[in-house]
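# Observations on chain architecture
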Amino acid sequence: MGLISRIKMIFTSKANAGLDKIEDAVQMTQQAIRDLQEKLEAALKAQATFKAMITGLKADQKKLENSKAEWLNKADQLQQRIDNEPEKAAEYESLMIVALDNSEKDAIAAASKTSIIEGYDAKYKAMVTKIKDLRELIVDSQNNLTQLKARQEVANASVAVNKELSNMEGLDSTKELMKRMEAKITSKEHLADAYAGIDEDNKSNEDKINDVLKNTPSVSSADKLAAFRANRNKA
């Protein structure tokens, strides 16, 4: 195997290896994007579930706040009864204590719900931030994939071109062929000129005379008019 052939094989091997690396990068990026999209779908489902849970807690907390206010309102109404009916104060006060106890229980439960909701709200905001970052990562990865694909196309084209240009033996043979074709055409042109010269040399004197007479200048329009007028005056 000649030196040029060995160089060609080495060059082709390295070019193909580089191209394989780019193809691997494209495939790995595509798989990474698919994985990220699956994670995003799972995160969005978790976000929806989390938000529904927080919404439910807030609804329960609102009910407890309303219930606390209702019990306080009932206690106030009982106090008004005591003010209007002092003789029934003992009876109404026992009911007031029940109303106040219930209001206190609702207040404690509402406060507990509020604490839980605040903690969940903080976690929910952190989840929203992470999902946003995940979306941005997917977009960046997709943009990177587009660039990798473009580079892959350029690399494919470069490998094909450089592969042809690296074939020095083929280029030399092509150049040699072009030289032979040019020489062949030049030889035919010379041969054609030679045949033309032979035809001229072989012409008879009569043919040469006829050729000269064929090239006799034609009579101009002015000469034709002058001749016509001269003949007319003679008449």
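Residues numbered from 1 in each chain as written. Predicted model: local features only at pLDDT ≥ 70, side-chain atom pairs only at ≥ 80, totals over all residues. Heavy atoms only, no water.

### Examining the overall build of the protein chain
So the rule is basically this: Counting from the N terminus, the helices are the DSSP runs of H or I reaching at least four residues and the strands are the DSSP runs of E reaching at least two. Think of it in three bands: residues with accessible area under 20% of the maximum for their type are buried, residues over 50% are exposed, and the middle band is partly exposed, with areas taken using a 1.4 Å probe on protein chains only. Pairs of residues are marked as contacts when any of their non-hydrogen atoms sit within 4.5 Å. The protein chains shown are the only cover counted for residues, whose accessible areas, like all others here, come from Shrake-Rupley with a 1.4 Å probe.
Regarding its fold elements, the protein chain presents five helices and zero strands. Each helix and strand of the protein chain, placed in order from N terminus to C terminus, yields the pattern α-α-α-α-α. Across the 235 residues that make up the protein chain, the buried fraction comes to 17%. Restricting the contact set of the protein chain to residue pairs at least 6 apart, pairs at least 24 apart contribute 86%. For the protein chain, the exposed area adds up to about 18000 Å²; of that, 56% sits on carbon and sulfur atoms.

### Observations concerning the packing of aromatic side chains
The description of an aromatic ring pair rests on the distance of the ring centres and on the angle between the ring planes. The criterion, for reference: Between 30 and 60 degrees the pair is tilted, below 30 it is stacked and above 60 it is edge-to-face, where a pair is any two Phe, Tyr or Trp rings, Trp via its six-membered ring, whose centres lie within 6.5 Å.
The full count for this structure, using the stated rule, is two aromatic pairs. Between Phe50 and Tyr120, the aromatic rings sit 5.5 Å apart at their centres with planes inclined by 70°, giving edge-to-face as the arrangement. With Phe50 in helix α1 (residues 3–84) and Tyr120 in helix α2 (residues 89–165), this pair connects stretches of sequence that are 70 residues apart. For Tyr120, a relative accessible area of 25% translates into the label partly exposed. Measuring from ring centre to ring centre gives 6.2 Å for Phe50 and Tyr124, while their planes differ by 75°; the resulting arrangement is edge-to-face. Highlighted residues: Phe50 in helix α1 and Tyr124 in helix α2, separated in sequence by 74 residues. One exposure class covers both Phe50 and Tyr124, and it is buried. Three or more aromatic residues joined by ring pairs make a cluster, and in this case those are Phe50, Tyr120 and Tyr124.

### A short note on the pattern of salt bridges
Cut-off, in case you're wondering: Any carboxyl oxygen of Asp or Glu that lies within 4 Å of a side-chain nitrogen of Lys or Arg is treated as forming a salt bridge with it.
In total, this model carries four salt bridges according to the counting rule given. As a salt-bridge pair, Asp121 and Lys58 come within 3.9 Å of each other at their nearest N and O atoms. Here the residue Asp121 occupies a position in helix α2, and Lys58 occupies one in helix α1, the gap between them amounting to 63 residues. Since its relative accessible area comes to 22%, Asp121 is described here as partly exposed. A residue is classified by how much of its surface remains accessible, and Lys58, at 41% relative accessible area, is partly exposed. In this structure, Glu65 and Lys68 form a salt bridge, with 3.2 Å as the shortest nitrogen-oxygen distance. Here the residue Glu65 and the residue Lys68 both occupy positions in helix α1, the gap between them amounting to three residues, near one helical turn.

### Things to note about the confidence of the model for the protein chain
Let me state the cut-off plainly: In predicted models, pLDDT denotes the confidence assigned by the predictor to each residue on a 0 to 100 scale.
Chain-level pLDDT for the protein chain is 79 on average; 70% of the residues reach the 70-or-more range. Taken element by element, the protein chain is modelled with least confidence in helix α4 (residues 205–214), mean pLDDT 64, and with most confidence in α2, mean pLDDT 89. Residue range residues 1–16 is modelled with pLDDT below 50. Its contacts to residues more than four positions away, or to other chains, number 13 contacts.

### Brief notes about the environment of Gln152
Within the secondary structure, Gln152 is located in helix α2. Classification of Gln152 by relative accessible area gives buried; the value is 17%. For the pair Gln152 and Val26, spaced 126 residues apart in sequence, the C-alpha separation works out to 8.3 Å.

### Remarks on the side chain of Thr29
In this structure, Thr29 sits in helix α1. Classification of Thr29 as buried rests on a relative accessible area of 14%. Beyond its immediate stretch of four places on either side in the chain, Thr29 contacts Ser141, Asn144, Leu145 and Leu148.

### Some words on the side chain of Ser141
Position of Ser141 relative to the elements: it lies in helix α2. Not counting residues up to four positions away in its chain, the partners in contact with Ser141 are Thr29, Ile33 and Leu36.

### Quick look at the environment of Asn66
Relative to the helices and strands, Asn66 is located in helix α1. A relative accessible area of 38% places Asn66 in the partly exposed class. Each C-alpha atom of the pair Asn66 and Ala107 lies 9.6 Å from the other, and the pair is 41 residues apart in sequence.

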